[in-house]
Amino acid sequence: MRAELWQEQRLKLSLTKELTQAIELLQYSAVELQSFLYEQSLDNPFLEIRDYRLKRSYRDSSDKEKQRWIENISTHSETLSLHLIAQLPALSLSEREERVVRYMIASLDEDGYLRVEIEEIAARLAISKQEAEKALQIIQSLEPAGVGARSLQECLYLQLKRLPHRDEMAEQIVQHHFSLFVEKAWKTLAKQLDIDIASLQRVWDLIRTLEPRPGIHYTKEMPHFIVPDLIIERSDEGDWRIFCNDDVHPELAWNRAYEQKISGYRDGQVQSFIKDKYRQFLWLTKSLEQRKQTLLNIMHVIVDKQKQCLEAGFAALKPLTMREVAEELGIHESTVSRAVKNKYVQTPFGTVELRRFFSNAVSSAYADDDAASSVKVKMFIKQLIEQENKQRPLSDQKIADLLHERYGVAVSRRTVAKYREQLHIPSSAKRKQYVGK
């Protein structure tokens, strides 16, 4: 073997730092974009961010618009932890007990469940298992009922024990026969307990009034507010107008005064620093304009394709894929995907996510009809299930047959099952009610 040198020509695609940042910039939401720009201003001393348009918009707005602005300002919401801790002074706990209870409260998840094992908490705090269990009992005695549970079964049982009128049968079923009950193996359960199906239905109706997520009514952290990147309005002539929400986007400017101040230094490194920062400023300005134009172009295509949806709501949504939009604009599908990610548009019927305007097509049973969108088919399925006889719920195959007969939509039983699961609707066996209301 011997070492040799040779030349070879090769083509390869490489992403520069600027191009990589431009791609990231495209997928930023309005709030993320503001944070990014302020970070850039800290790195570039010549970069100015002017918010005068936001202030001007507020000064010139009417009293009604000012009231809407105030209503959108974040207000403090009580967290579950604060709500539980506020109840502790009335319990006269020792310092040691309160320390353990506070630690457990901090360990609860946003639904109010304790997902950490008692043994692990005892080991972390160097206490006995009995002390940890006593602390958990204290938490489970607080409001809301069901908080501090370690499973759905325990959560429901804790709430049943706190009802003004105790139901012993319901407590027995939840505590000892929970699996059979939730799987609706009621004939087997009725035989084991020597009761009728009507009694099980009564317990089922009672349990449905309980809260499976006791912490859901309390915030885990301060709420995040959605800022739309685009606004759609309808003119008096009936045309749709699309424009960027410039009032929430800071305007960039180059600080000429600061440039002139430090340009007096006859230093090559200073001049190189100014040139580098000016190049960054030009790239950032160009990228922002390109981002804005890309969003506008995509929104124009969406409005053109989804006029009926904008007029009548999402019940009239037509099938539209990102590939179709990309082909019409002559850009890559991934560009459309990045552009609509975490973006919202303000419409006459509310602020909605851009992705909601995209939906796959479901074939129509009739040759003359347009294909229905998957969103529309899901709405049909939901309507059929809401209208069904609860004592004889519709099977997935029956729903598929009704979609064909009533709406001219041809879907398979498996497709109906998939859409039903996406809607978080249980199967017909679990929807069945044995006693009519």
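Calculation rules
Residues numbered from 1 in each chain as written. Predicted model: local features only at pLDDT ≥ 70, side-chain atom pairs only at ≥ 80, totals over all residues. Heavy atoms only, no water. Helix = DSSP H or I, 4+ residues; strand = E, 2+ residues; numbered from the N terminus. Buried < 20%, exposed > 50% of the residue type's maximum accessible area, 1.4 Å probe, protein only. Contact = heavy atoms within 4.5 Å. Areas by Shrake-Rupley, 256 points an atom, 1.4 Å probe, with all protein chains shown as cover. Salt bridge = Lys/Arg side-chain N within 4 Å of Asp/Glu carboxyl O. 1 Å grid on protein atoms, 1.4 Å probe; cavity = no way out; pocket = protein on both sides within 12 Å on 5 of 7 lines; lining within 4 Å. Points joined across faces, edges and corners; volume = space filled by probe spheres on them. Nonpolar A, V, L, I, M, F, W, Y, C, P; charged D, E, K, R; others polar. Pairing = 2+ DSSP bridges. Axes fitted to C-alpha atoms, helices over the stretch in contact; angles between N-to-C directions. Parallel < 35°, antiparallel > 145°, perpendicular 65-115°, else oblique. Left-handed = near helix turned anticlockwise from the far one by under 90°. pLDDT = per-residue confidence, 0-100. Expected span 1.5 Å × (residues − 1). Arc of directions from axis to C-beta. Phe/Tyr/Trp six-rings, centres within 6.5 Å; stacked < 30°, edge-to-face > 60°. Lys NZ or Arg CZ within 6 Å of the ring centre and 35° of its normal.

Student: Is there a simple way to think about the overall build of the protein chain in this case?
Tutor: Along its length, the protein chain carries 22 helices and eight strands. Sorting the 437 residues of the protein chain into buried and exposed places 37% on the buried side. In the protein chain, the share of contacts with a sequence separation of at least 24, taken over all contacts with a separation of at least 6, comes to 62%. For the protein chain, the exposed area adds up to about 27200 Å²; of that, 49% sits on carbon and sulfur atoms.

Student: Please clarify how the pattern of salt bridges should be interpreted in this entry.
Tutor: Between side chains of opposite charge, a pair can form as their charged atoms come close. In the structure shown here, the tally under the stated rule is 22 salt bridges. Put simply, Arg279 and Asp276 hold a salt bridge, and the shortest N to O gap is 2.8 Å. Taken together, the positions of Arg279 and Asp276, both in helix H15 (residues 268-305) and three residues apart, correspond to about one turn of that helix. The network of salt bridges with common partners includes Glu388, Lys390 and Arg431.

Student: Looking at this structure, how should I read empty space enclosed by the protein?
Tutor: Where empty space is left can be seen by rolling a probe of water-molecule size over the atoms. Summed over all chains, the structure comprises one cavity of 30 Å³ or more. What the largest cavity holds in volume is close to 40 Å³. Lining the largest cavity are Gln40, Asp43, Asn44, Leu47, Gln280, Phe281, Trp283 and Leu284. Secondary-structure elements contributing two or more residues to the lining of the largest cavity are helix H2 (30-43) and H15. With four residues, the top contributor of residues to the lining of the largest cavity is H15. Each residue belonging to the lining of the largest cavity can be placed in one class, and the counts come to four nonpolar, three polar and one charged.

Student: What should I look at first to understand the sheet that holds strand E3 (residues 240-244) in this one?
Tutor: Two modes of strand pairing occur in sheets, parallel and antiparallel, and in both the strands are linked by backbone hydrogen bonds. One open sheet accounts for four strands, arranged E3-E2-E5-E6; its pairing is mixed. Only two strands of the sheet have a single partner each, and these edge strands are E3 and strand E6 (350-353). Between one strand and the next, the sheet's axes are offset by a mean angle of 25°, whatever the strand orientation. In this sheet, E3 lies alongside strand E2 (residues 230-234) in antiparallel orientation, the contact comprising five bridges. Across the sheet, the residue bridging to Ile231 is Phe243, located in E3.

Student: Whenever I open this one, the packing of helix H6 (residues 95-107) against helix H7 (residues 118-125) confuses me. Can you help?
Tutor: Each packed pair of helices is defined by two parameters, the angle between the axes and the distance between the axes. Between H6 and H7, whose axes approach to 11 Å, the crossing angle comes to 130°. Classified by the angle between their axes, H6 and H7 sit oblique to one another. Viewed along their axes, H6 and H7 form a crossing whose handedness is right-handed. For the pair H6 and H7, contact is made by Arg99, Val100, Tyr103 and Met104 and by Ile118, Ile121, Arg124 and Leu125, respectively.

Student: What am I meant to see in the pairing of E6 here?
Tutor: The two faces of a sheet get side chains in turn, since along a regular strand they alternate between them. The pairing of strand E5 (residues 344-347) with E6 spans four bridges and is classified as antiparallel. Of the residues in E6, the one forming a bridge with Thr347 is Gly350. What sits between E5 and E6 in their antiparallel hairpin is a turn of two residues.

Student: Explain the environment of Gly313 here, please?
Tutor: Within the secondary structure, Gly313 is located in the loop between helix H16 (307-312) and helix H17 (322-329). What makes Gly313 buried here is its relative accessible area of 15%. The spacing of Gly313 and Phe349 is 36 residues in sequence and 7.5 Å in space, taken between C-alpha atoms.

Student: Would you explain the confidence of the model for the protein chain in this entry?
Tutor: Low pLDDT means the predicted coordinates in that region are not meant to be read closely. Model confidence for the protein chain is summarised by a mean pLDDT of 81, while 85% of its residues fall at 70 or above. Within the protein chain, the lowest mean pLDDT, 43, falls on helix H4 (residues 63-71), and the highest, 94, falls on helix H9 (residues 152-161). Predicted confidence for residues 52-76 stays below pLDDT 50, and this span has 20 contacts to residues more than four positions away or in other chains.

Student: Explain the packing of H15 against helix H18 (residues 333-340) to me, please; I cannot follow it from the model alone.
Tutor: The interhelical angle for the contact between H15 and H18, taken along N-to-C directions, is 100°, at an axis separation of 10 Å. It follows from the interaxial angle that H15 and H18 lie roughly perpendicular. Contacts from Thr294, Leu295 and Ile298 in H15 reach Thr335, Val336, Ala339 and Val340 in H18. Here the residues of the contact of H15 with H18 sort into five nonpolar, two polar and no charged.

Student: Quick question: what am I supposed to make of helix H19 (residues 374-387) here?
Tutor: At 3.6 residues per turn, the α-helix brings residues three or four places apart onto the same side. Given a rise of 1.5 Å per residue, 14 residues ought to cover 20 Å, and the 20 Å separating the end C-alpha atoms of H19 matches this to within 8%. Along H19, the residues that are buried comprise Ser374, Val377, Phe380, Ile381, Leu384 and Ile385. For H19, the angular spread of the buried residues around the axis is 130°, confining them to a single face. Structural note: H19 exposes Glu386 and Gln387 on the side pointing more than 90 degrees away from its buried face.

Student: Just checking my understanding: could you explain the packing of aromatic side chains for this structure?
Tutor: What describes a pair of aromatic rings is the distance from one ring centre to the other and the angle between the planes of the rings. Throughout the structure, instances matching the rule amount to ten aromatic pairs. Aromatic pair Tyr28 and Phe36: ring centres 5.4 Å apart, planes at 50°, arrangement tilted. Site record: aromatic cluster; members linked through ring pairs are Phe46, Trp254, Tyr258, Phe273, Tyr278 and Phe281. The ring of Trp186 has Lys184 lying over it, and the distance from NZ or CZ to the ring centre is 4.8 Å.

Student: Sorry if this is basic, but what is going on with the environment of Ala190 here?
Tutor: Inspection of the secondary structure assignment puts Ala190 in helix H12 (residues 186-193). Given a relative accessible area of 8%, Ala190 falls into the buried group. The spatial distance from the C-alpha of Ala190 to the C-alpha of Leu200 is 7.5 Å, given a sequence separation of ten residues.

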